Amino acid sequence: AQSVAQPEDQVNVAEGNPLTVKCTYSVSGNPYLFWYVQYPNRGLQFLLKYITGDNLVKGSYGFEAEFNKSQTSFHLKKPSALVSDSALYFCAVRDVYSGAGSYQLTFGKGTKLSVIP
Amino acid sequence: GAVVSQHPSWVICKSGTSVKIECRSLDFQATTMFWYRQFPKQSLMLMATSNEGSKATYEQGVEKDKFLINHASLTLSTLTVTSAHPEDSSFYICSGSQGGRDTEAFFGQGTRLTVV
């Protein structure tokens, strides 16, 4: 069965410093990995995805993620954090077929990122 | 990215009444809609999956007679919470998908339901 782990409930980082939000996964085949961000009382916004190709994936708002097959990880990174990056971040894998050609997303529990001015 | 519009953003209702939440894909055809429930400081819990023109598939433990899902068109899905009780108070989020595993799903802005 597929699963996603986000080992940190909260990550604190100073503004301007690099940030990393960790994610590891477990799937039976090739992983289809996603990162989403959620601001308070809002839905989720898509940041980036890894399907195949380069292990370093670039996404929205300056975020990037590194896929590491041997470590089964897909950590989210940003070189210089902004206060406005403070939000809840979810890693997800799309692995369970749900019919009509679509697949479910399995989410990690989420990591709250706080960027301190 | 594509837009999913979810309404209302928040609703307060009395116990025993029903509430309908609408989810529309504005610029794409969502062959599949997913409905989630999110408790404070927790991840999203998938409630059900609906494919256009078909009955919804509910996750284990979700009462299909209480949470009625309709997906009559490729751009509209609705979730009706019937005979609502205070324990149904939560944040409900819909998501639309038009493709396979390599495509991202797009999320509505969520509905905060409070049952009093």
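Given the structure is predicted, the values throughout are model-derived calculations rather than measurements.

Is there a simple way to explain the pairing of strand β12 (residues 111-116) of chain A in this structure?
Regular strands place their side chains on alternate faces of the sheet. All names here are of chain A. Looking at chain direction, strand β2 (residues 10-14) and β12 are connected through five bridges and run parallel. If you follow Val11 over to β12, its bridge partner there is Leu113. Of the pairings in the sheet, the one linking strand β10 (residues 87-99) to β12 comprises three bridges and is antiparallel in character. By the bridge assignment, Tyr89 is partnered in β12 with Thr111.

When you look at the sheet that holds strand β1 (residues 4-7) of chain B in this model, what are you seeing that I'm missing?
Hydrogen bonds between backbone groups are what pair the strands of a sheet, and the pairing can be parallel or antiparallel. All names here are of chain B. Here we have four strands laid out as an open sheet, ordered β1-β3-β8-β7, and antiparallel in their pairing. With one partner strand each, in any of the chains shown, β1 and β7 (67-73) form the two edges of the open sheet. Sheet twist, expressed as the mean angle between neighbouring strand axes with direction ignored, is 15 degrees. Sheet topology note: the β1/strand β3 (residues 19-25) ladder contains four bridges and is antiparallel.

Help me understand the interface of chain A and chain B in this model?
Interface size is commonly expressed as the accessible area that is lost once the parts come together. At the interface, 27 residues of chain A touch 27 residues of chain B. Surface buried jointly by chain A and chain B totals about 2,100 Å² across both partners, of which 52% is contributed by carbon and sulfur atoms. Taken together, the connections running from chain A to chain B amount to two salt bridges. With a shortest N-O distance of 2.9 Å, Asp95 of chain A and Arg101 of chain B are connected by a salt bridge. Taken together, the links from chain A to chain B amount to 12 residue pairs in polar contact (both at pLDDT 80 or more). Taken together, the elements giving at least two residues each to the side of chain A that touches chain B come down to β5 (33-38), β6 (44-50), β10 and β11 (102-107) of chain A. Residue classes in the side of chain A that touches chain B are distributed as 12 nonpolar, 10 polar and five charged.

Basis of the calculations
- Residues numbered from 1 in each chain as written.
- Chains lettered and ligands numbered in written order.
- Predicted model: local features only at pLDDT ≥ 70, side-chain atom pairs only at ≥ 80, totals over all residues.
- Heavy atoms only, no water.
- Pairing = 2+ DSSP bridges.
- Helix = DSSP H or I, 4+ residues; strand = E, 2+ residues; numbered from the N terminus.
- Axes fitted to C-alpha atoms, helices over the stretch in contact; angles between N-to-C directions.
- Contact = heavy atoms within 4.5 Å.
- Buried area = accessible area lost by both parts, 1.4 Å probe.
- Salt bridge = Lys/Arg side-chain N within 4 Å of Asp/Glu carboxyl O.
- Polar contact = N/O pair within 3.5 Å; in protein donor to acceptor, adjacent residues only side chain to side chain.
- Nonpolar A, V, L, I, M, F, W, Y, C, P; charged D, E, K, R; others polar.

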